[in-house]
Amino acid sequence: MSVVYQTAALFLMLNIALGLIRILRGPTRADRLLAVQLFGTTGTAILILFSLDLEDEAYKNMALIFALLAGIIGVAFTRYAQKIPRKTKGDGRELG
Amino acid sequence: MNWADYVTTVCIIFGCFFFLAGTLGLLRLPDVFTRLHALTKADNVGLGLIALGAAFQVDTIANLLKVLLIWILVLITSATIAHLVARSALLQGEEPWESP
């Protein structure tokens, strides 16, 4: 079974390497952000495979953190990238 | 190898296939919206299948729930990101691709 896990993990790492081409070519910020999302999902899958291979549950916790951080990165970068008018409080200050 | 190992192997192989489809879509499709479609759907099925394969190998209920939680969390974040990215691309004036 170890062979299956390791081959699949290696295959997913090659997927990440292919995704780097999209970061190079762009052309927009949104495309590069999509490649980052690919790394998040694929990284989570790789960590699940590691936890099966090494029989260590700690890797599943890491996979949880990866899934969470990938979402937070996406929200943070879209907020940074887009130029939508922000809501303001009564005194005109930005809510952020 | 017992029957659970075979099920896990098949799930992982199918999961890798869907990941490959997502990556090829990210590389080959013409604009950001179509790439979004490839990435946020195919990759989540791939992760779901790998999580399903992992679910056949766990020993306690807590670990089973952990694998399930990982998948649900990725589904929620991925759907949220898909909407956010598509909205931000539209607001930046990105035109959806049309067949020439």
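Note: the structure precedes this text.
Below: a short report on this structure. Predicted model only: the values in this text are computed from it and were never measured.

### Describing the packing of helix 2 (residues 32-55) of chain B against helix 3 (residues 61-91) of chain B
Residues and elements named next belong to chain B.
Right, on to step 1. At their nearest, the axes of helix 2 and helix 3 sit 10 Å apart, and the two run at 180° to each other. Taken together, the axis directions place helix 2 and helix 3 in an arrangement best described as roughly antiparallel. Facing Val32, Phe33, Leu36, Thr40, Asn44, Leu47, Gly48, Ala51, Ala54 and Ala55 of helix 2, the residues of helix 3 in contact are Leu64, Val67, Ile70, Trp71, Val74, Leu75, Ser78, Ala82, Val85, Ala86 and Ala89.
Right, on to step 2. A per-class count over the contact of helix 2 with helix 3 returns 17 nonpolar, 4 polar and no charged.

### Let's talk about the environment of B:Thr8
All names here are of chain B.
Right, on to step 1. Here Thr8 is to be found in helix 1 (residues 3-28).
Right, on to step 2. The exposure class of Thr8 is buried, given the 22 C-beta atoms found within 10 Å.
Right, on to step 3. Each C-alpha atom of the pair Thr8 and Arg35 lies 29 Å from the other, and the pair is 27 residues apart in sequence.

Criteria and cut-off values
- Residues numbered from 1 in each chain as written.
- Chains lettered and ligands numbered in written order.
- Predicted model: local features only at pLDDT ≥ 70, side-chain atom pairs only at ≥ 80, totals over all residues.
- Axes fitted to C-alpha atoms, helices over the stretch in contact; angles between N-to-C directions.
- Helix = DSSP H or I, 4+ residues; strand = E, 2+ residues; numbered from the N terminus.
- Parallel < 35°, antiparallel > 145°, perpendicular 65-115°, else oblique.
- Contact = placed C-beta atoms within 7 Å.
- Nonpolar A, V, L, I, M, F, W, Y, C, P; charged D, E, K, R; others polar.
- Buried ≥ 20, exposed ≤ 12 C-beta atoms within 10 Å, placed from the backbone.

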